[in-house]
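# Summary of structural features
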Amino acid sequence: MEQAIDQLLARPGIWRASETARHTGARGEHIPTGFSVLDTALPGGGFPSGALTEILHDSHGMGELRLAMPALARLSRGGRWIAMIAPPHIPYAPALSARGMDLSRVLVVHPTSEQQSRWALEQALRAGTCAAVLAWPEHCDDRSLRRFQLAAETGNSLGLLFRNSLAAGQHSPAALRLRIDSDNGQRLGVRVLKCRGATPGPVQLDDRPAGALHEQQPLPLHN
Amino acid sequence: MLWLCLFADDPNRERQADSLQRLANWALEFTPRISLNLPGSVLLEIGGSLHYFRGLEALRQRVQKGLEKLGIPIHTGIAPTPTAAWLIARAGGDTPIIHRRDLPEGLAPLPLGVLSVEQRQAKALQGLGCRTIGELRRLPVAGLTRRIGRHVVETLQKAHGERPDPQPEWKPAQSFEAHLDFADPVTDHQQLHTPLGGLIDRLCTELRRQDAGILRVHITLTPTRGDARTLTVGVLSPSRDAEHLKALLQQRLEGQTSADGIIGAHLQSGPLRSFNNDSPPLDLLDALADDSAQNDWQTLVELLGHRLGEAQLSLVDAYPDHRPERAWRYRRPGDSSPGDEHRPDHPPRPGWLLETPLSLDTRQGQPHYHGALVLESPAERIESGWWDGEDVARDYYIARNPRGQRLWVYRDRRGGRRWYLHGLFA
């Protein structure tokens, strides 16, 4: 029964009062994370498209990019673009390429101020030309997050915000909030903090052969 | 054939041209056969549409109502030849001539002013006692041609159906533009919503008439001083939803400020796309994997580059060089890529590379970065670049610190054999 309702709700013609978007091209689409345990834990089976997902982590280098990489690799081959707004360091092309990213589809934006970053993030989300937009906002109030969420809905773009774990205590309109607990290079510990229609809790992403999560291996592509 | 001429008598040529475009787009509601050939006018072939609109009178009423709504001052003329309709409209009268045989009688009372004759010629004609077209027609053709020129005589003949009167057909534009001037500079952007909303309404009305949609709308705001600014609003699939476009535009306006007042707004649509409300693309990725994605991409690059500067946008390329800092490059969008992807077989590389390697403190010989580092991999020796003087000799390791960060560090094999942080396994 529940499945039938889910199917019904996934139809593009169905409008749900909980959603403010009226014009997303394909509502309710999800992008598999590439980690089957996580995909199972998330309703819809992955990152919600046309919405914000927050990835919270204590500091850089905790596996935060690795968590998104299989989905990004797949999206980069889907005809749309991956935009990185003000990444904290140089996105290292050999690593991205080894993870299966199509580099010709990755745009790096270098704004010179926090204000410019916000503007660029909103524009890229809204434009409809980016399958995913990655950003590392330093301070984010509720109002800007709502704007980003609206822009992501409009452009049917996956908005990935990488934020410090301290933001976990703050309210957020993001559809999905994940926190990186640990990463030992093979096993990625992730906690679901918030997800529409799912119970928060920890997920150990170690179900795949170790090699598949190893940087050296290009990830299998789904299309 | 029956022609309806809409004559827009406006001394301001630019505004007149804009009016004519609007009229022509609007006139598609009545007929697909439209011409902008005769000066200052839009000609509609309505003979084929009379049945559909239930007669001439009903059609005229609809046209009249529409014109009132458009707010463009217009004289109309109806006649079996385009030129006759044009002359009647220019004369400001609108008694329609329906049949060819009525043309001489109908055109006879029109004053000579409707013909584009020079002042000197007009005076000469008045000297001959000619004040109307009817009187002019009584003069012998040869003499008339000598006095007022072949062109005017031919115009008369075309009007009377004595000479072919072909009119090149006007085709609806591939894009839409409209312009707005403000009498007083607008300093508060909130006050722009209504007039800009009006432009969007006009756009969407045209789109409905042409059964089209757009993906992009560019609105250029002209300030009293300084450079004009262009705001771009974009949607993913062809749209003509005025309210949605207005909402998007409003968001774009919110962040905008300008010290100087805005005196003009110009709307330019992207290319018109065919619009099919019933069948939205089933698979978004499939729908976008055509060349329109490339255009959209350029729009995004233009949009971001416009505000941030092109220099702040780049792509990253992997480059076959063993030295980690040279194994990648930034590339400007639009520049061609270095070509085939070279994927050297090497141990894992970090997602983040530091701009410059960070020199690490050591305590009792052990490197520290937010605590003591534990090396988790065997050394990867990189020795390269002896040929260009930028040679390196390093041992790279994956290391972990007490914070749980995974780091890419190296020890220089020369000089002080110092430790450096070069990347983060994000």
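Quick note: structure is the one above.
In what follows, the accompanying structure is described. (Residues numbered from 1 in each chain as written. Chains lettered and ligands numbered in written order. Predicted model: local features only at pLDDT ≥ 70, side-chain atom pairs only at ≥ 80, totals over all residues. Heavy atoms only, no water.)

### Some points on the overall build of chain A
For chain A, the count of helices and strands is seven helices and 11 strands. Within chain A, the fraction of its 223 residues that count as buried is 60%. Restricting the contact set of chain A to residue pairs at least 6 apart, pairs at least 24 apart contribute 67%. As presented, chain A carries roughly 8400 Å² of accessible surface, and 52% of it is formed by carbon and sulfur atoms. (Helix = DSSP H or I, 4+ residues; strand = E, 2+ residues; numbered from the N terminus. Buried < 20%, exposed > 50% of the residue type's maximum accessible area, 1.4 Å probe, protein only. Contact = heavy atoms within 4.5 Å. Areas by Shrake-Rupley, 256 points an atom, 1.4 Å probe, with all protein chains shown as cover.)

### Description of the interface of chain A and chain B
Where interface size is quoted, it is often the accessible area lost as the parts come together. Across the boundary between the two partners, chain A contributes 61 residues, which contact 56 residues of chain B. At the boundary of chain A with chain B, total buried surface from both sides reaches about 5700 Å², with 61% on carbon and sulfur atoms. Summed over the three residues of chain A that lose the most area to chain B, namely Ile90(A), Tyr92(A) and Trp119(A), the buried surface amounts to 15% of that side. Elements with a contribution of two residues or more to the side of chain A that touches chain B: helix H3 (64–75), strand E5 (90–91), helix H4 (93–98), strand E6 (106–109), helix H5 (114–127) and helix H6 (142–155) of chain A. Among the elements that make up the side of chain A that touches chain B, the one with the highest residue count is H5(A) (seven residues). Across two bridges, E5(A) lies against strand E12 (residues 352–359) of chain B in antiparallel orientation. Note on E12(B): the bridge partner recorded for Pro91(A) is Trp352(B). (Buried area = accessible area lost by both parts, 1.4 Å probe. Pairing = 2+ DSSP bridges.)

### Observations regarding the pairing of strand E16 (residues 380–384) of chain B
Residue and element names in this part refer to chain B. Across the two faces of E16 the burial differs, with Glu 380, Ile 382 and Ser 384 buried and Arg 381 and Glu 383 not buried at all. Sheet topology note: the E16/strand E17 (residues 392–400) ladder contains five bridges and is antiparallel. Its bridge partner being in E17, Ser 384 is matched across the sheet by Val 392.

### Some points on helix H1 (residues 13–27) of chain B
Residues and elements named next belong to chain B. An ideal rise of 1.5 Å per residue puts 21 Å on 15 residues; H1 measures up with 20 Å between its terminal C-alpha atoms. Residues of H1 that are buried: Gln 16, Ser 19, Leu 20, Arg 22, Leu 23, Ala 24, Asn 25, Trp 26 and Ala 27. By the N-cap criterion, in which a side-chain oxygen at the helix start approaches the backbone nitrogen of a residue two or three places on, H1 is capped by Asn 12, the distance to Glu 14 being 3.1 Å. (Expected span 1.5 Å × (residues − 1). Polar contact = N/O pair within 3.5 Å; in protein donor to acceptor, adjacent residues only side chain to side chain.)

### Section: the packing of H5(A) against helix H10 (residues 242–254) of chain B
Packed helix pairs are specified by the crossing angle of their axes together with the interaxial distance, meaning the distance between the axes. One can describe the packing of H5(A) onto H10(B) by two numbers: an axis separation of 12 Å at closest approach and a directional angle of 165°. By the angle between their directions, the pair H5(A) and H10(B) is classed as roughly antiparallel. Crossing handedness for the pair H5(A) and H10(B): left-handed. Judged by residue contacts, Trp119(A), Gln123(A) and Arg126(A) of H5(A) engage Leu248(B), Gln251(B) and Arg252(B) from H10(B). For the contact of H5(A) with H10(B), the class distribution of residues is two nonpolar, two polar and two charged. (Axes fitted to C-alpha atoms, helices over the stretch in contact; angles between N-to-C directions. Parallel < 35°, antiparallel > 145°, perpendicular 65-115°, else oblique. Left-handed = near helix turned anticlockwise from the far one by under 90°. Nonpolar A, V, L, I, M, F, W, Y, C, P; charged D, E, K, R; others polar.)

### Focus: the sheet that holds E6(A)
Pairing within the open sheet is mixed, and its 10 strands lie in the order E11(A)-E10(A)-E9(A)-E3(A)-E8(A)-E7(A)-E4(A)-E6(A)-E10(B)-E11(B). A single partner strand is all that each edge strand has here, and the edge strands are strand E11 (201–205) of chain A together with strand E11 (328–331) of chain B. Averaged over all neighbouring strand pairs, the angle between strand axes comes to 25°, with direction disregarded. As paired strands, strand E3 (residues 51–57) of chain A and strand E8 (residues 158–164) of chain A are joined by seven bridges and run parallel to one another. Looking at the pairing, Glu54(A) lines up with Leu161(A) of E8(A). Relative to the sheet, H6(A) contacts E3 and E8 of chain A, its axis offset from that of E3(A) by approximately 130°.

### A short note on the nonpolar core
Counting 67 residues, the largest nonpolar core has Leu38(A), Leu67(A), Leu134(A) and Val409(B) as the members making the most contacts within it. It is H3(A) that provides the largest number of residues to this core, a total of seven residues. Beyond its immediate stretch of four places on either side in the chain, Leu38(A) contacts Thr33(A), Leu67(A), Leu178(A), Val192(A), Val203(A) and Leu205(A). (Core = buried A, V, L, I, M, F, W, Y, C linked by side-chain atoms within 4.5 Å.)

### A closer look at H5(A)
Residue and element names in this part refer to chain A. Here H5 contains 14 residues, and its C-alpha end-to-end distance of 20 Å stays within 8% of the 20 Å for a straight helix at 1.5 Å per residue. Restricting attention to buried positions, one finds in H5 the residues Gln 116, Ser 117, Trp 119, Ala 120, Leu 121, Glu 122, Gln 123, Ala 124, Leu 125, Arg 126 and Ala 127. Looking at the residues trailing H5, positive phi occurs at Gly 128, about 85°.

### Here we look at the sheet that holds strand E2 (residues 34–35) of chain B
Residues and elements named next belong to chain B. Ordered in space as E2-E3-E1-E4, the four strands form an open sheet in which the pairing is antiparallel. The open sheet terminates on both sides in strands that have one partner only, identified here as E2 and strand E4 (75–79). Pairing analysis gives five bridges linking strand E1 (residues 3–7) to strand E3 (residues 41–45), with the strands arranged antiparallel. Of the residues in E3, the one forming a bridge with Leu 4 is Leu 44. Docked against the sheet, H1 engages E1, E2 and E3, running at close to 15° with respect to E3.

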